[in-house]
Amino acid sequence: MSYTFDPLVPRPIDLPTVVPLDAATDTTDGTTDTAQDLAALDQAKIFAAPDDPAQWAAWRERLEAWRTDARERHGFTGAVYERPQAAWAASCFTIAQVWLWDELLYSFEENRFTPERFLADARERFADLDAVVLWHAYPVIGIDDRNQWDFYRDVPGLTGPGGLVATLHAAGLHVFVDYNPWDTGTRRGEGDLSELAVVVADLPADGVFLDTLKKAEPELVERLEAARPGIVLEGESKLAVERIEDHSSSWAQFFADSSVPGVLRAHWYERRHMQHHVRRWNRDHTDELQSAWINGVGVMVWEVVFGVWVGWSERDAATLRRMVTVQRAAKDLLLDGGWTPLTDLAPEAREAGVHASLFSHEGVSLWTLVNRGEDDWTGPVLTDAPAGRLIDLTGLAAPAAPTDPTGSPVDTTGGTVDGAGAIAPSVTVPGRGIAALVHVAPAAAEPDWLPGLVEDMRRHAPSADARFPHRLARRIVPQAPAARPADAAPTHPGTGAGQDAEASAVVVPAGPYVLTVRYRARETGMYQGAPYVEEWKPLAPRLHDPRTLQRDGELAAPVAVAATEVTNAQFAQFLDATGYRPAIRHRFLAHWVAGRPPAGREDEPVTFVDLDDARAYSAWRGGRLPSEDEWQLAGETGGLLRGAPVVWNWTESEHSDGRTRYVMLKGGADHESVGSEWYFDGGVQRPEFSAKLLLPGLGLARSSSIGFRCAWTVNEVTA
């Protein structure tokens, strides 16, 4: 029986857990229903809140009882949260998942990392970031035998003084590395525990993201802590209660909430345990933003999901800017103050869908409000008007009010005031939005963070509700190659098919064509952008299954595609004739010995060349690389020959959407990394198969499994 599901609807495993509120009764085994019910709550992602406000007090009592019971059952000590090197994790409210070769972080034109560009964008759109995961290997890993550690270690300019990691650290960001436990089919090293420990120490990294794992095994925790004391471990999904003891963070990924906002189980258990809400395929992040806000936790910003753009709207970015500005300023209140989820509010606000958590300590209170309704709510939100100073942090764009001669806000005796000094009898909570109130009791000391927070919130007033545009991929047209040196004779004589075309070239006639392209559905998508928008979690048959698409076009002139790939010997002739040297020499012809092809391998396809290297050779031959369509049209004639070993072929089908650069490969290769569906496609493929390769920079695109062949546009001679 096949499993079917609606990809747009949360699965049962994603749903919040109902908290039983019935009275306990004795059972035959000597326990009570209450004890059994409490233990069952260990499995929750989110504790669902009752719809009936009359049950909220009992619900909060049951959550308190669960936490006390669970801590006792699991022997919780909280020692991992006492490590001074890891204290930052408890207030890491925004973390970004970033492909190492994101074009905001790396310039292919300048061949260098551009953290200044990345940081400026984060500052403008998200009020800065607290941490970043430098995603490195997937979805490229598997193209050859390089393992996940190679994709960190082999990156020039990543480590050391002035390197990317050091620059991010200097800017105040903490850096996570990514651990892929499924990487077992590439070259083996010293074992995952040893290899990861070395990478963590060498970068140096502040945290490890546990890809596909909910938790690390105790031995891995111990090894990483020894390598980098204070290392923060963050799993991808629901963390077992007993492992909150040694994991400082976890993702709240694909966590559905109740209609009345619920409570995140792991954060309720230990307030210093930071969770990051994330729904990677969503374009509307309202739900996770509201849940993060009312729970006092963080958010994962992930706009480029393994090569496809799933950008945040300006509305969501503006919400996040205001959220994190408050959270960072009031972090001690969020961590140490009393937390009352679903605190009492004015009945009319509650009926409109407005809910709040209350965080309070020593006379200072913070209400984090959310509006579940579609319409703005403007009116009272509190049940009474407390004496002292009440500040509407998210309503600071209101008209100015009376000030004293120094320009300071004026309190109105017996009333409530906003940040500008005006009496504020009502609050606006935007539809599907958030709001924040701070109250300072008459006898309480004003927190030192409050004046600066008021000024910061003025700068982060809501923007227009505009969507950040979806970026459509554009074809990269390579620059015209420089003229060939006079002494650079073609390797083969011309045949009339093209300037320097090979006699055995396969000629594809001019005219319209229709192609069927086959590919494997991956998280990278193909040409159409994000493949799983608004989906909860891609599962088979939505992920990894074979698919087809149709491509049509027209050739303005016949195209001759070389029957064979360029060999090591031919590429050596090119170097001898032109003195070609790439701008980035890293990994260039890495398999050659003393600058020459290895003995006995002269006739093998040349590899360890990137697109620019292949383009330079093709231009010297008076040609170019074939497009993926030209390659397929020629291949389907049966006239294309494959060298030994069989290697993928570069094509002149390079694309960019402004954040991700990729190219389509054709032909397949003898190499195939096995053991996981997350690896890049391998094995020899039929001409109609295409594979989307995200392009790394700084020479890492050069692979032992990728070569190329030339193509020429035919200049037809008419009688």
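Residues numbered from 1 in each chain as written. Predicted model: local features only at pLDDT ≥ 70, side-chain atom pairs only at ≥ 80, totals over all residues. Heavy atoms only, no water.

Within helix α14 (residues 568–578), burial applies to Asn568, Gln570, Phe571, Ala572, Phe574 and Leu575. Summarising the contacts, the buried residues of α14 are in contact with α15 (611–620). (Buried < 20%, exposed > 50% of the residue type's maximum accessible area, 1.4 Å probe, protein only. Helix = DSSP H or I, 4+ residues; strand = E, 2+ residues; numbered from the N terminus. Contact = heavy atoms within 4.5 Å.)

So, about the sheet that holds strand β5 (residues 131–135). Pairing between sheet strands relies on hydrogen bonds along the backbone, with the strands arranged either parallel or antiparallel. If you walk around this closed barrel you meet the eight strands as β2-β5-β6-β7-β8-β9-β11-β12, and the pairing is parallel. Geometrically, the sheet is characterised by an average inter-axis angle of 25 degrees between neighbouring strands, direction not taken into account. Looking at chain direction, strand β2 (residues 94–99) and β5 are connected through five bridges and run parallel. The residue bridging Ile95 from the neighbouring strand is Ala131, located in β5. Along the sheet, helix α6 (residues 192–202) contacts β6 (174–179) and β7 (207–210); its crossing angle with β6, the most-contacted strand, is approximately 160 degrees. (Pairing = 2+ DSSP bridges. Axes fitted to C-alpha atoms, helices over the stretch in contact; angles between N-to-C directions.)

Let us now look at the pattern of salt bridges. Counted under the stated rule, the structure contains 55 salt bridges. Glu303 is paired through a salt bridge with Arg125; the nearest N and O atoms lie 2.7 Å apart. Separated by 178 residues along the polypeptide, Glu303 in the loop between β12 (298–301) and β13 (304–305) and Arg125 in helix α3 (residues 115–126) bring together distant segments of the chain. A salt bridge links Arg702 to Asp610; the shortest N-O distance between them is 3.3 Å. With Arg702 in the loop between β32 (690–694) and β33 (706–707) and Asp610 in the loop between α14 and α15, this pair connects stretches of sequence that are 92 residues apart. Both residues of the pair, Arg702 and Asp610, belong to the buried class. One connected set of salt bridges, linked through shared partners, spans Glu103, Glu109, Asp612, Arg615, Glu652, Glu654 and Arg661. (Salt bridge = Lys/Arg side-chain N within 4 Å of Asp/Glu carboxyl O.)

Strand order in the open sheet formed by three strands is β23-β26-β34, and the pairing between neighbours is antiparallel. Whereas interior strands pair on both sides, the edge strands pair on one side only; in this sheet they are β23 (506–508) and β34 (711–713). Strand after strand, the sheet turns through a mean of 20 degrees between neighbouring axes, direction not considered. Contacts from helix α16 (residues 628–635) reach β23 and β26 (559–561), with the element oriented near 115 degrees to β23.

The next thing to look at is the confidence of the model for the protein chain. With 89% of its residues at a pLDDT of 70 or more, the protein chain has an overall mean of 91. Per-residue pLDDT stays below 50 along residues 398–424; that stretch engages in 46 contacts with residues further than four places along the chain or on separate chains. (pLDDT = per-residue confidence, 0-100.)

This part is about the side chain of Arg265. Position of Arg265 relative to the elements: it lies in helix α8 (residues 265–269). Buried charge without a salt bridge: Arg265, with Asp42 as the nearest opposite-charge side chain at an N-O distance of 6.6 Å. Beyond its immediate chain neighbours, meaning those up to four positions away, Arg265 contacts Leu41, Asp42, Ala44, Lys45, Ile46, Phe47, Trp66, Lys238, Leu239, Ala240, Val241 and Ile244. (Lys, Arg positive; Asp, Glu negative; His and termini not counted.)

Time to look at the pairing of strand β19 (residues 389–392). Residues Arg389 and Ile391 of β19 are buried on one face, and the alternating residues Leu390 and Asp392, pointing to the opposite face, are buried as well. Bridging between β19 and strand β21 (residues 434–440) involves four bridges; their strand directions are antiparallel. Residue Arg389 lies in a different strand from β21, and its bridge partner there is Val440.

Membership of the largest hydrophobic core comes to 118 residues, with the highest contact counts inside it found for Trp101, Leu134, Val208, Phe571, Trp650 and Phe708. For this core, the leading source of residues is β5, giving five residues. In terms of nonpolar packing, the next biggest core, distinct from the first, is built from 65 residues, Leu41, Trp66, Val364 and Ala436 among them. (Core = buried A, V, L, I, M, F, W, Y, C linked by side-chain atoms within 4.5 Å.)

Each neighbour pair has its own omega, and for Ala540 with Pro541 the value is 5 degrees, a cis peptide bond. Topologically, Pro541 is positioned in the loop between β24 (511–520) and β25 (546–555). Of note, Glu362 is a non-glycine position whose phi angle comes to about 50 degrees, a positive value. Mapping Glu362 onto the fold places it in the loop between β16 (354–361) and β17 (364–371). Here the phi dihedral of Leu698 falls at roughly 55 degrees; this positive angle occurs in a residue that is not glycine. With respect to the secondary-structure elements, Leu698 resides in the loop between β32 and β33. Residue classification places Leu698 among the buried positions, given a relative accessible area of 8%.

So, about the packing of aromatic side chains. Counted under the stated rule, the structure contains 36 aromatic pairs. Ring plane angle 80 degrees and centroid distance 4.7 Å describe the contact between Tyr138 and Phe306, whose orientation is recorded as edge-to-face. Residue Tyr138 is found in the loop between β5 and α4 (150–153), and its partner Phe306 is found in the loop between β13 and β14 (308–309); the two are separated by 168 residues along the sequence. Like Tyr138, the residue Phe306 is buried in the burial classification. Here the aromatic rings of Trp648 and Phe689 are separated by 6.4 Å at their centres, their planes lie at 40 degrees, and the arrangement is tilted. Taken as a pair, Trp648 in strand β27 (residues 648–649) and Phe689 in the loop between β31 (683–684) and β32 lie far apart in primary sequence, 41 residues in all. (Phe/Tyr/Trp six-rings, centres within 6.5 Å; stacked < 30°, edge-to-face > 60°.)

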